Amino acid sequence: MTKYKYPKLFLFFLIAVMLQLRVVPLIEIENVVPDLVIIVLVYSVLSVGQFYGTMLGFTYGLFFDLFSGGILGTAMFSKTVAGFVTGYFFNENKIDFNTRTYVFVLIVFIIATIDSILYTALSSAAPKSFFVLVLFGGIFPGAFTALISFPMVMFNNKKYVE
Amino acid sequence: MLKTFKRIILELKEYLLLVGLLLISLFCLSKSDKPQTLKLQSLAFGNYAYFNSLFSGIANSFASASDLKEMKRQNAELMLRLDQMRQFETENSELRRMLQMRDSVKFSLQPATIISKLVARYQGNFIINAGKAEKVEIGMPVITSYGLLGLISDVDTNFAVVKTIKNSSLNIAVTDQRSKINGILSWDGKDLIIKNIPATNDVKEGDLISTSEFSSILPPSISIGKIVQVKHTLEGLMNEIIIEPFTDFHFVRNVFVVRIVFSRQVNNLEMNLFKNKE
């Protein structure tokens, strides 16, 4: 992983974007969709730390905005903040613990919620209320994203326990 | 002094980086509708869409045959004609005679397939595999065999971005086909909604909603959906009307670009009038 760490992380990101824009819309529930890019971002930041994680968040956001045809700057902003906040969970001695146990799901939930609130707030003309923004624009997508990250942890968790 | 400065920068490097990157993001956000930014975006999504379409080709190797595509095209054409017919039905005989001329107008449809969907609460964008090479232009309406899907917002050589009606930045002038009440349709993140319709206006659940003749961006009489709820606001003077779109955004895959830039036609017309005045 160490030698080709960044190319690998970028490859994961590209796969996540493709799935996000092709497969994820099929599992949409009331316009709430999980964010696979955030799962990859959290995983990346927990492996590389806050400084590089913030830059990764910015890069992921930039390319996501460019590839998706969305408003340029929205994902850039939200994913930069997401990368930065995830950095607070980084611990060089606990990389395996953070990425292979259910702690990862919890981190994904927190970060996906923050990211989704910022993304929704920036891309919306006028959110009805702060409560609606936090609940429907943040917590629901965050929970959905965390749910999707479960299988990843279940698979990695076995390896970690072994 | 220099050492202290260096030490402070090193200690605060994460925060300085964060502030710097956020400022760049906000700068991009403020310039997102500038031509240079749109050009960059077109280039990037065009390249991405090309790679994406390669995978799409593999995935669709067992997909529908050409005759099925032809049937879908016919279906879409019939849908457009049916919408016109519905309008004629409600006009008086004199207007109907006049409108028969419009009935003879043929729409040029460009079939396309959706290769990517950005589903977010307030930003509905699809990417389709038809672009400048197929004479697709910004502002052209995109329909399915059921009704309106959205509007072309960005075009590359072989691909285009469709801003769907489930995008909060797209507001469309619409009309109730039965009572001819006009309103502005928008997406509030949950529902397609027509706001500020006076409570005394004649709108009923089940009424069909189509694009209005007053629309400056879309041709009239393209079906959008039907009224599923008439909400009375607290003040009691205005109603909010909830629309259920005919197009299933979840499973939609094959679409048609109507090769007409309505806004340009209107602009040309306005310019002609202006010229006549001169």
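Below, the structure is looked at part by part. (Residues numbered from 1 in each chain as written. Chains lettered and ligands numbered in written order. Predicted model: local features only at pLDDT ≥ 70, side-chain atom pairs only at ≥ 80, totals over all residues. Heavy atoms only, no water.)

Quick look at empty space enclosed by the protein
Across all of its chains, the model carries 3 cavities of 30 Å³ or more by this definition. Estimated volume of the largest cavity: approximately 290 Å³. What lines the largest cavity is a set of 25 residues, among which Val33, Asp35 and Tyr119 of chain A together with Val119 and Ala120 of chain B lie closest to the centre. Residues belonging to the lining of the largest cavity are distributed by class as follows: 13 nonpolar, 7 polar and 5 charged. Lining the second largest cavity, in full, are Glu28 and Asn31 of chain A together with Leu118, Val119, Ala120, Gln123, Gly124, Phe126, Thr164, Lys166, Phe249 and His250 of chain B. The set of elements that each furnish at least two residues to the lining of the second largest cavity consists of strand E1 (109-119) and strand E2 (124-128) of chain B. Residue classes in the lining of the second largest cavity are distributed as 5 nonpolar, 5 polar and 2 charged. (1 Å grid on protein atoms, 1.4 Å probe; cavity = no way out; pocket = protein on both sides within 12 Å on 5 of 7 lines; lining within 4 Å. Points joined across faces, edges and corners; volume = space filled by probe spheres on them. Nonpolar A, V, L, I, M, F, W, Y, C, P; charged D, E, K, R; others polar. Helix = DSSP H or I, 4+ residues; strand = E, 2+ residues; numbered from the N terminus.)

Brief notes about the pairing of strand E8 (residues 192-198) of chain B
All names here are of chain B. Here 3 bridges tie strand E7 (residues 182-187) to E8, and the two strands are oriented antiparallel to one another. Each bridged residue has a counterpart across the sheet, and for Leu185 the counterpart in E8 is Ile194. The antiparallel pairing of E7 with E8 creates a hairpin that spans 4 residues between the two strands, and Gly189 there sits at a positive phi of about 100°. Sheet topology places E8 next to strand E11 (residues 238-245); 5 bridges connect them, and they run antiparallel. (Pairing = 2+ DSSP bridges.)

So, the interface of chain A and chain B
Facing 45 residues of chain A, the contacting portion of chain B comprises 43 residues. Of the roughly 4,000 Å² buried at the junction of chain A and chain B (both faces included), carbon and sulfur atoms supply 67%. When residues of chain A are sorted by the area they lose upon contact with chain B, Arg22, Asn31 and Leu72 of chain A head the list and together hold 17% of the total. Across the contact surface, chain A and chain B share 0 salt bridges. Across the contact surface, chain A and chain B share 5 residue pairs in polar contact (both at pLDDT 80 or more). Of all elements in the fold, only helix H1 (5-22), helix H3 (50-68), helix H4 (74-86), helix H6 (103-123) and helix H7 (130-161) of chain A reach the threshold of two or more residues within the side of chain A that touches chain B. In terms of residues, the side of chain A that touches chain B owes the most to one element, H3 of chain A, which gives 10 residues. Taken together, the residues that form the side of chain A that touches chain B break down as 26 nonpolar, 14 polar and 5 charged. (Contact = heavy atoms within 4.5 Å. Buried area = accessible area lost by both parts, 1.4 Å probe. Salt bridge = Lys/Arg side-chain N within 4 Å of Asp/Glu carboxyl O. Polar contact = N/O pair within 3.5 Å; in protein donor to acceptor, adjacent residues only side chain to side chain.)

Quick look at H1 of chain A
Taking 1.5 Å of rise per residue, the 18 residues of H1 of chain A would be expected to cover 26 Å, and the 26 Å separating its terminal C-alpha atoms lies within 8% of that figure. Turning to H1 of chain A, its buried residues are Leu9, Phe13, Ala16, Val17, Met18, Gln20 and Leu21 of chain A. (Expected span 1.5 Å × (residues − 1). Buried < 20%, exposed > 50% of the residue type's maximum accessible area, 1.4 Å probe, protein only.)

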